[in-house]
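# Reading the structure
The lines below spell out each chain.
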Amino acid sequence: MEEPKLTVQNKTVESIPAVTIRFAGDSGDGMQLVGTRFTDTSALFGNDLATLPSFPAEIRAPQGTIAGVSSFQVQIADFDILTPGDNPEVLVAMNPAALKAHLHDLAPNGMLIINGDAFIEKNITKAGYKLDPRESGELDGYRVFEVPMEKLTKEALKDSEIKGREVLRSKNMIALGLISWVFNRPLEGTIDWINNKFAKLPAVADANIKTLKTGYNFGITVEAFHHTYVVDKAKLPSGEYTNINGNIGLSWGLVAAAKLSNIDLFYGSYPITPASDILHELSKHKNFGVITFQAEDEIAAAAATVGASFTGKLAVTGTSGPGLALKGETISLALSAELPMVIVNVQRGGPSTGLPTKPEQSDLLFALYGRHGESPLPVLAARSPSDAFYTAIEAARIALKYMTPVILLSDNYVATGSEPWKLPEYKDLPSLSNNLTTKLNSKEGFLPYHRDMTTFARPWAIPGTPGLEHRIGGLEKEEGTGNVSYDSANHQYMTDMRAWKIANIANDIEPLVLNGNEKADTLVLGWGSTYGGITQAVNRLNEKGVKVASAHLTFINPFPDNLAEILSNFKKVIIPELNSGQLIKLIRERFLIDAKGINKVAGVPFTAEELANIIEEKINE
Amino acid sequence: MSKVPVNYKRTDLQSDQEVKWCPGCGDYTILASVQSFMAEMGVSKEKIVFVSGIGCAARLPYYMNTYGMHTIHGRAPAVATGVTLSNPDLSVWVVSGDGDSLSIGGNHLIHALRKNVNIKILMFNNQIYGLTKGQYSPTSEEGKKTKSSPYGSVELPFNPMSLALGAEASFVARSVDMDRDLTAKILQEASTHNGSAFVEIYQNCNVFNDKAFDQLTSKEGRVANRINLEHGEKVIFGAEDEFAVTIENGEAKVVKRTDIDDSRIYVHDITRKNPSIAFSLSRLSHGPYGPTPMGILRKVQRETYNDDVFNQIEMSKASKGEGDIDKLIRSLGTWEV
């Protein structure tokens, strides 16, 4: 096969520090794939990057409509970045609907690449345009490049074994090839990937490679594309990197936690967007001794996980908001039985079915309080895809050490977005302790509720251990014996003990760290996936002379010990959240401070620019 | 499950907790049957786990000197699934009632049976909600007057045997609290069955639904109405053995023996792969009224969920080697900075 010529006489290469590119098309157009491939190529090249996939909840939403548009945004940079960018500088629109849905975000003078063949009357009308947007003047102010992607695809594949409607399935490769040319990215990695992916379908592999090269060659041939760009390698800390999304990071963290604790992992789950990928990932790793149980429903997934915990596994159940609601009673059982368990909640837009494929942080109070009775448990949140790895290990550490269910929050932004991750060595990860026992702990027999008085954890004697046979359950237990007890003083004591046990964890977690100007008057406090946006916004403000600090919570329950002191050092506390104000309620109630919220539930994350503007306004208020 | 030579007395299986069912409750008899059987099962008690949901029956684990967990309403089969998948060497028993298994926990019951998870489910059927003091249950007879149905229940009850067979259960049997011999025999067969077992035990609630099973337990009823199923035996019943069961056009029928030739009497075969005849037998009565089949309806061997799960893990370890975290986190491609 002929390789594309890489020397073009009049080609110019402009070096730029960063670029944000958004690919948008019909949900069947393969935009997620194009975005992912471009991301992986850029990652292997050495850029820093962050991504934001966005797709409809429907598998095949009506073709050609705004509702059916799927997009993938990636920012690549030669410096350390934390977000997928604000307004894209490059937009690839595969049809009029994609243009209509995304044009308003394109930066002024941005590069707009459109698939000209899709701009036929039917599609233009379907997208809701009265006039052809190419002729109406609304593309003025952008650098428009119209590419006949369908014609190019058909031409490229005229001798291919692929025929008929299948031909146009490869047109996304035209876009990828062309963008690869414009940003000086090699095709080899993607060609290898295609050959690997379609190893059993050589005709399909061949068609995709041909169109990919056609897109690239189109850039070589058409003078309009001879001004190209390069984003240099990022000056990141040296080490070995991989590109990872949050669902995979979290899954690997759980597998690592199992290994670190020397206890096999049990993962019970019921398919639900956007948590299902954790089940998919874990079910691949049976050679780690991982047992995955796809249950008949959310409750069974949690209940089997409780059974696994009782039997000595690192027991984890994963879900998204609606599923967490169904698991509530079972989590209370684990809490009362004082069994170690991790409950992963990959948050999405709610209430009810809500926005299944969009990020939101609106389950925080539910995670903290969504159970009957007095039922405190630790709640942690992952802030980024790579952080999900470490937060999963931390959640397991707490569960095993303190014999408690732990809720680990992620969200759709962390779960599906990706970033480069500087890989740790397994030997440098912490080993995890547990309360497994094979010994009698009293002369009278085994006392399942006889606690370790430093952690308040009870011993973990699992079925199969001779001499420690005992019964536990959801009825209130007598301290020590674990026997059913309706005694009023005992219930008060056990309720208090369960609360102390969780509160005491504050002594065993990393203190909160400040970013930005520590002497500023204003602190921006966040949790979870807003980390990138907040940190970038605060850094930008400091660069332009606005003094501000930020801090990001991993533990929302219990709060780290130094939070009170940190809060007392600032006159103003601002709390951005992708909800209507949930952490802020906890902070105001606990610390009696007049914190101010920045709140959004629009199905999209904060951009750094948006946050910087509002934070500055609030500072000046 | 590894069998170890163990020599227990019934009292070795009794916990130190005071049994707190109502005096005269059928649960006492069943508990005694279970404890006696467990003493002789040949499994050491640290390997026995009792898991229950909510209801009167669900208190049973507290009275067993084994591992046990009293969980939440209806979920015991799911909890037990987690237990057996975590340690396939355990003998895992679910104790449940008709409300727990067939109402709030119906979904877990049918899926555990369908998957053939290696757990033994004992459903004490008293045809009433006892612990909540007397509402009709999914096995109460139509028209039953209770606190929540003062004008009579308008619901058709489940036939638990039919339900279990419809859910692809590989072991299905029925006993009654007072018949300790039959219960012991069924428990024995269930304990050696590789896969899920569903055992319905009719249980008299002398407070809220007394004498519900009189047609099967009274002096006359016992002989007149119990169709005792024995593998390999002709199905014959009645005080004088005057009735028999035949299968005509795939349907089980009660006939007078004087009306047919003995060669037409159905010879019970619990190992039939096709559950149709077992199902048809289960339809001979829709509740403990009139001629009612008792004993084992079905016991077939098929692959268990446990075995399949562990085979995949072992095969994966054999082909990929023991998991290595450093390799795992580098499996998507890496680059050096």
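Residues numbered from 1 in each chain as written. Chains lettered and ligands numbered in written order. Predicted model: local features only at pLDDT ≥ 70, side-chain atom pairs only at ≥ 80, totals over all residues.

Quick look at the overall build of chain A now. Broken down by element type, chain A carries 19 helices and 23 strands. In terms of its C-alpha atoms, chain A occupies a principal-axis envelope of roughly 90 × 60 × 45 Å. Counting across all 621 residues of chain A, residues that qualify as buried make up 55%. Partitioning the contacts of chain A with sequence separation of at least 6, the portion at a separation of at least 24 is 77%. (Helix = DSSP H or I, 4+ residues; strand = E, 2+ residues; numbered from the N terminus. Buried ≥ 20, exposed ≤ 12 C-beta atoms within 10 Å, placed from the backbone. Contact = placed C-beta atoms within 7 Å.)

Helices and strands together make up the secondary structure of chain B, namely 11 helices and 12 strands. The C-alpha atoms of chain B give 22 Å as radius of gyration, which agrees with the globular expectation for 337 residues (20 Å, within 12%). For chain B, the C-alpha atoms occupy an extent of roughly 90 × 50 × 45 Å along the three principal directions. Counting over 337 residues, chain B shows a buried share of 50%. Taking as baseline every contact in chain B between residues at least 6 positions apart, the subset at least 24 positions apart corresponds to 67%. (Rg over C-alpha atoms; globule rule 2.2 N^0.38 Å.)

What follows covers the interface of chain A and chain B. Facing the 57 residues of chain A at the interface are 52 residues of chain B. Within the residue set of the side of chain A that touches chain B, elements represented by two or more residues are α1 (31-45), β9 (240-245), α8 (246-261), β10 (265-269), β11 (291-294), α10 (298-310), α11 (321-337) and β17 (471-473) of chain A. When residues of the side of chain A that touches chain B are assigned to their parent elements, the largest contribution, nine residues, is made by α10(A). Sheet topology places β17(A) next to strand β2 (residues 67-70) of chain B; three bridges connect them, and they run parallel. The residue bridging A:Arg471 from the neighbouring strand is B:Gly68, located in β2(B). (Pairing = 2+ DSSP bridges.)

For the rest of this paragraph, the subject is unusual backbone geometry. Residues and elements named next belong to chain A. Going from Thr273 to Pro274, the amide bond is cis rather than trans, its omega being 0 degrees. Relative to the helices and strands, Pro274 resides in the loop between β10 and α9 (276-283). The peptide bond linking Asn557 to Pro558 adopts the cis configuration, its omega dihedral lying at -10 degrees. Within the element layout of this structure, Pro558 appears in the loop between β21 (555-557) and α17 (563-568). A positive phi angle is found at Asn184, which is not glycine, with a value near 50 degrees. You can see Asn184 is positioned in the loop between α5 (171-182) and α6 (188-197). Assessed through the 16 C-beta atoms surrounding it within 10 Å, Asn184 is described here as partly exposed.

Looking now at the pairing of strand β23 (residues 596-599) of chain A. Residue and element names in this part refer to chain A. Here four bridges tie strand β22 (residues 572-577) to β23, and the two strands are oriented parallel to one another. Each residue of the ladder has a partner; that of Ile574, found in β23, is Lys596. Remark: the β22/helix α18 (residues 583-591)/β23 crossover connection has right-handed handedness. (Right-handed = clockwise from strand over helix to strand, strands pointing away.)

For the rest of this paragraph, the subject is the packing of helix α4 (residues 149-156) of chain A against helix α7 (residues 202-221) of chain A. Residues and elements named next belong to chain A. For the pair α4 and α7, interaxial distance at closest approach is 9 Å and the crossing angle is 125 degrees. On the basis of their axis angle, the class for α4 and α7 is oblique. You can see that α4 and α7 cross each other, and the crossing is right-handed. Residues Leu152, Thr153 and Ala156 of α4 pack against Lys210, Thr211, Thr214 and Phe218 of α7. For the contact of α4 with α7, the per-class residue count stands at three nonpolar, three polar and one charged. (Axes fitted to C-alpha atoms, helices over the stretch in contact; angles between N-to-C directions. Parallel < 35°, antiparallel > 145°, perpendicular 65-115°, else oblique. Left-handed = near helix turned anticlockwise from the far one by under 90°. Nonpolar A, V, L, I, M, F, W, Y, C, P; charged D, E, K, R; others polar.)

Attention shifts here to the pairing of β22(A). Remember that side chains alternate between the two faces of the sheet whenever the strand is regular. Residue and element names in this part refer to chain A. For β22, a buried count of five out of six residues is recorded, marking the element as mostly surrounded by other parts of the structure. When strand β19 (residues 522-527) meets β22, the two strands line up parallel, connected through three bridges. If you follow Thr522 over to β22, its bridge partner there is Lys572.

Let's shift gears to the sheet that holds strand β20 (residues 549-553) of chain A. Strand pairing in a sheet relies on backbone hydrogen bonds. The paired strands run either parallel or antiparallel. Residue and element names in this part refer to chain A. One open sheet holds the five strands; their spatial order is β18-β20-β19-β22-β23, and the pairing between them is mixed. Edge positions in the sheet fall to β18 (514-516) and β23, since each has one partner strand and no second. Sheet twist, expressed as the mean angle between neighbouring strand axes with direction ignored, is 30 degrees. The strands that helix α19 (residues 608-620) touches are β19, β22 and β23; relative to β22, the one it contacts most, it runs at about 155 degrees.

Spatially, nine strands are ordered β17(A)-β2(B)-β1(B)-β3(B)-β4(B)-β6(B)-β5(B)-β11(B)-β7(B) in an open sheet, and the strand pairing comes out mixed. Each edge of the open sheet carries a strand with a single partner, namely β17 of chain A together with β7 (226-229) of chain B. When the angles between neighbouring strand axes are averaged without regard to direction, this sheet yields 20 degrees. Pairing analysis gives four bridges linking β7(B) to strand β11 (residues 292-299) of chain B, with the strands arranged parallel. Each residue of the ladder has a partner; that of B:Leu229, found in β11(B), is B:Gly295.

A few words now on the domain arrangement of chain A. All names here are of chain A. We note that the domain assignment places domain 1 (12-230), domain 2 (242-428), domain 3 (435-508) and domain 4 (514-620) within chain A. Placing a centre on the C-alpha atoms of domain 2 and another on those of domain 3 gives a separation of 24 Å. Each side of the interface is counted separately: domain 2 has 15 residues, and domain 3 has 17 residues. Listing elements by their share of the side of domain 2 that touches domain 3, those giving two or more residues are α11 and α13 (385-402). (Domains from an automatic or database assignment.)

Next up on the list: helix α15 (residues 488-503) of chain A. Residues and elements named next belong to chain A. End to end, α15 covers 23 Å across 16 residues, agreeing with the expected 22 Å (1.5 Å per residue, within 8%). Every buried residue of α15 is accounted for by Met494, Arg498, Lys501 and Ile502. Burial along α15 is one-sided: seen end-on, the buried residues are contained in an arc of 95 degrees. Seen from the buried face of α15, the exposed residues on the opposite side, beyond 90 degrees, are Ser488, Ala489, Gln492, Asp496 and Trp500. (Expected span 1.5 Å × (residues − 1). Arc of directions from axis to C-beta.)

Residue and element names in this part refer to chain A. In this fold, Ser433 is placed in the loop between β16 (418-422) and β17. With 13 C-beta atoms counted inside 10 Å, the residue Ser433 sits in the partly exposed group. Separated by 119 residues in sequence, Ser433 and Leu314 have C-alpha atoms that sit 12 Å apart. Those residues in contact with Ser433 that sit more than four places away from it in its chain are Leu400 and Lys401.

For the rest of this paragraph, the subject is the confidence of the model for chain A. Taken over all residues, the pLDDT of chain A has a mean of 95, while the share at 70 or more is 99%. Below a pLDDT of 50 lies the segment residues 1-6 of chain A, which in the model reaches five contacts outside its immediate sequence neighbourhood of four places, other chains included. (pLDDT = per-residue confidence, 0-100.)

Before going further, it helps to examine the environment of B:Ile296. Residues and elements named next belong to chain B. As for its placement among the helices and strands, Ile296 is situated in strand β11. C-beta crowding within 10 Å serves as the criterion here: with 25 such atoms nearby, Ile296 is assigned to the buried category. As a C-alpha pair, Ile296 and Glu230 span 66 residues in sequence and 7.4 Å in three-dimensional space. Not counting chain neighbours up to four residues away, the residues in contact with Ile296 comprise Ala173, Ile186, Glu189, Leu229, His231 and Ile270.

Right, let's talk about the packing of α10(A) against α11(A) for a bit. To describe two helices that pack against each other, one gives the angle between their axes and the distance between the axes. Residues and elements named next belong to chain A. It is at 8 Å that the axes of α10 and α11 come closest, and there the two elements cross at 25 degrees. Judged on the interaxial angle alone, α11 and α10 are roughly parallel. Regarding α10 and α11, the two cross each other, and that crossing is right-handed. Note on element contacts: α11 touches α10 through Gly323, Leu326, Lys327, Thr330, Ile331, Leu333 and Ala334, opposite Glu298, Ile299, Ala302, Ala303, Val306 and Ser309. Residues that form the contact of α10 with α11 fall into these classes: eight nonpolar, three polar and two charged.

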